[in-house]
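# Commentary on secondary and tertiary structure
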Amino acid sequence: MPILNRAAELQNEVTEWRRHLHMNPELLFAVENTAAFVERKLKEFGVDEIVTGLGRTGVVGIIRGNLGTGRTIGLRADMDALPITETSGKPWASTTAGKMHACGHDGHTAMLLGAAKYLAETRNFAGSVAVIFQPAEEGGGGGNEMVKDGMMERFAIEEVYGMHNMPGMPVGHFGSRIGPIMASTDEFTITINGRGGHAAQPHKTIDPIVIGAQIVNALQTIASRTVDPLGSVVVSVTKFNAGFAHNVIPEQAVLAGTVRTLMPEVRDTGEARIRQIAESIAGAYGATVNVWYGRNYPVTVNHADETGHALAAAATVAGATQVNASLDPMMGGEDFSYMLLARPGAFIFMGNGDTAGLHHPAYDFNDEAIPHGISYWVKLAETRLAA
């Protein structure tokens, strides 16, 4: 089934927007120029209502249909970039050192702007579409900030939908699933306090490095021996800092890492076991330990009915054979999870083709995907708000 003719006509224009955004990346909540660009475009399109400053720097546009009053659904894109130095070599590469759109949020923003332009032109639906442009997805929790700002209540949003590109999935393909689709993203720091001394007299010390090594090994048993093999969990120690000299056993060692799960109960188990393991091993060696555990993004859980609607809209654009309704969940995190806690909805992936992976310095959003993304957003809006 073909993409919308108008979406294909818009591709070159939307590509220009996307490449402009790619050249001018901004981080976290400091997306003032990106938000201003979005606001200008929404005004040009004749969007009925535009609100800025939600979730600090988010933008919401309201487009009212011509087929009567009705419900409001939300369509969300993220705007922020990553603190990475780009190596793509593209003519439209980042012009800001140390910042780049390495996750395709430039493409997400441009596609939703393209859909907003189409929907403002046609208005072939009943009710309203809220186009949501969110800051700080990459670790800042901008989605949560917009929810806490009362976005859902202010615009009477009843359902909310998100989309992300996926390198390795062919352009024109889509995939999603009912239930957990992306993981929670917790973090931990374990500080081990021992007794330092001369490296030639280890018996007079309480060596925090040896203790830390034991803790690192024992943490691997959370996945292998604590959690049901079907209840996915990842525990990764990503930092181990201790010592400053070859001949000195230090007083302290610090471990840090991340925990990813797909179920709230597994999340609870992971936190509890990290504390138990660290405290028990440190105590056995005569050391003391402090465990800090921070809960970051929750599990992204797709609602059943809304996932069905999202997959059906994708099938009208791509054809049923190019839509995967049982996509494997991923252990990466996504702050769209907060919006799905506030309202029913679904998160879907669309193909970015054979490109560098997300968060890679050579990554670039595939502009050939633009008309597919625009068509998906439009079909979803028109079918969910049919008269």
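All values reported here derive from a predicted model rather than from experimental measurement.

In this model, helix H8 (residues 264-284) (21 residues) spans 31 Å end to end at C-alpha, consistent with the 30 Å of a helix rising 1.5 Å per residue. Every buried residue belonging to H8 is among Val266, Arg267, Gly270, Glu271, Ile274, Ile277, Ala278, Ile281 and Ala282, and all of these are buried. The arc that holds every buried residue of H8, seen down its axis, measures 145°, which confines them to one face. Across H8 from its buried face, at more than 90 degrees, point the exposed residues Pro264 and Ala284. Packed against the buried residues of H8 are strand E8 (184-193), helix H6 (208-219), helix H7 (221-226), strand E10 (233-242), strand E12 (252-261) and strand E13 (288-294). At the exit of H8 stands Gly286, carrying a positive phi of roughly 85°.

With that settled, consider the packing of helix H1 (residues 5-23) against helix H2 (residues 32-45). Remark: H1 packs on H2, axes separated minimally by 11 Å, with the N-to-C direction vectors making an angle of 160°. In terms of orientation, H1 lies roughly antiparallel with respect to H2. Like other packed secondary-structure pairs, H1 and H2 cross with a definite hand, here right-handed. Together, Trp17, His20 and Leu21 of H1 and Thr34, Phe37, Lys41 and Phe45 of H2 make up the contact between the two elements. Each residue belonging to the contact of H1 with H2 can be placed in one class, and the counts come to four nonpolar, two polar and one charged.

Before going further, it helps to spend a moment on unusual backbone geometry. At Leu28, a position not held by glycine, the phi torsion is positive, near 50°. Structurally, Leu28 is set in the loop between H1 and H2. In this structure, His359 takes a positive phi of about 70° despite not being glycine. Within the secondary structure, His359 sits in the loop between strand E16 (345-351) and helix H11 (370-384). In this structure His359 comes out as partly exposed when scored by relative accessible area, which is 40%.

Taken in spatial order, the eight strands make up an open sheet running E1-E2-E4-E3-E5-E16-E6-E15, and their pairing is mixed. With partners counted over all chains shown, the strands left at the sheet margins are strand E1 (49-54) and strand E15 (323-324), one partner each. Bridge analysis of strand E6 (residues 174-175) against E15 gives two bridges, and the strand direction is parallel. Pairing of Phe174 across the sheet is with Val323, part of E15. The sheet contacts of H11 involve strand E3 (72-78), strand E4 (128-134), strand E5 (157-166), E6 and E16, and relative to E5 the element is tilted by about 160°.

Before going further, it helps to spend a moment on the UniProt feature "binding site: Mn(2+)" (unreviewed entry) in the protein chain. Following the UniProt record, one finds the feature "binding site: Mn(2+)" (unreviewed entry) at Cys103, His105, Glu138, His164 and His359. In terms of the greatest pairwise C-alpha distance, the residues named above, spread along 257 residues, form a tight cluster of at most 13.2 Å across. Here His105 lies in helix H3 (residues 105-122). The residues touching His105, leaving out its near neighbours within four places in the chain, are Asp78, Met79, Asp80, Glu137, Glu138 and His164.

Moving on: the nonpolar core. In terms of nonpolar packing, the biggest core is built from 57 residues, with Leu42, Leu75, Phe133, Phe174, Ile374, Tyr376 and Trp377 touching the most fellow members. In terms of residue count, the dominant contributor to this core is H3 (nine residues). Every residue in contact with Leu75, bar those within four places of it in the chain, is listed here: Leu112, Val129, Ala130, Val131, Ile132, Tyr161, Trp377, Leu380 and Ala381.

By the assigned domains, the protein chain splits into domain 1 (5-182 + 299-385) and domain 2 (184-294). Between domain 1 and domain 2, the C-alpha centre-to-centre distance is 38 Å. Across the domain 1 to domain 2 interface the summed buried area is about 650 Å²; carbon plus sulfur atoms make up 75%. At the surface where domain 1 touches domain 2, the tally comes to zero salt bridges. The interface formed by domain 1 and domain 2 includes one residue pair in polar contact (both at pLDDT 80 or more).

To continue, consider the sheet that holds E12. Strand pairing in a sheet relies on backbone hydrogen bonds, with the paired strands running either antiparallel or parallel. The sheet built from four strands is open, its strands ordered E10-E12-E8-E13 with antiparallel pairing. At either margin of the open sheet sits one strand with a lone partner, and together these are E10 and E13. Averaged over all adjacent pairs, the angle separating strand axes in this sheet is 15°, with direction ignored. The pairing of E8 with E12 spans 10 bridges and is classified as antiparallel. If you follow Thr189 over to E12, its bridge partner there is Ala256.

What counts and what doesn't
- Residue indices begin from 1 for each chain and proceed along its sequence in written order.
- Residue-level local features of this predicted model are given only where pLDDT is at least 70; pairs of side-chain atoms are given and counted only at 80 or more, and the full residue set underlies all totals for whole chains, interfaces and linings.
- The side-chain quantities take in all heavy atoms of the structure and omit both hydrogens and water.
- Secondary structure elements follow DSSP: runs of H or I of four or more residues count as helices, runs of E of two or more count as strands, with numbering from the N terminus.
- What a helix should span is 1.5 Å times the count of its residues minus one.
- Working definition: with a 1.4 Å probe on protein chains only, accessible area under 20% of the residue-type maximum means buried, over 50% means exposed, and in between means partly exposed.
- An arc is given here, and it is the one of the directions from the helix axis to the C-beta atoms.
- Contact criterion: two residues are considered in contact whenever any of their non-hydrogen atoms come within 4.5 Å of each other.
- Fitted lines through C-alpha atoms serve as axes, helices being fitted only where they are in contact, and the angles separating the N-to-C directions of these axes extend from 0 to 180 degrees.
- Note that the term roughly parallel is reserved for angles under 35 degrees, roughly antiparallel for angles over 145, roughly perpendicular for angles of 65 to 115, and oblique for everything else.
- For any pair of crossing helices, the crossing counts as left-handed if the nearer helix is rotated counterclockwise from the farther one by less than a right angle, and right-handed if it is rotated clockwise.
- Under this grouping Gly is polar, as are all residues other than the nonpolar Ala, Val, Leu, Ile, Met, Phe, Trp, Tyr, Cys and Pro and the charged Asp, Glu, Lys and Arg.
- Here, strands pair whenever DSSP counts at least two bridges between them.
- UniProt positions are given in the numbering used here, feature names are shortened, and annotations may be inferred rather than shown by experiment.
- In plain words, nonpolar cores are sets of buried Ala, Val, Leu, Ile, Met, Phe, Trp, Tyr and Cys residues tied together by side-chain atoms within 4.5 Å.
- What counts as a domain boundary in this text is fixed by an automatic or database domain assignment.
- Buried area: the sum, over both parts, of the accessible surface (1.4 Å probe) that disappears when the two are put together.
- Salt bridge, as used here: a side-chain nitrogen of Lys or Arg that lies within 4 Å of a carboxyl oxygen of Asp or Glu.
- For this analysis, a polar contact is any N or O atom pair within 3.5 Å, provided that within protein one partner can donate a hydrogen and the other can accept it, and provided that sequence-adjacent residues contribute only side-chain to side-chain pairs.

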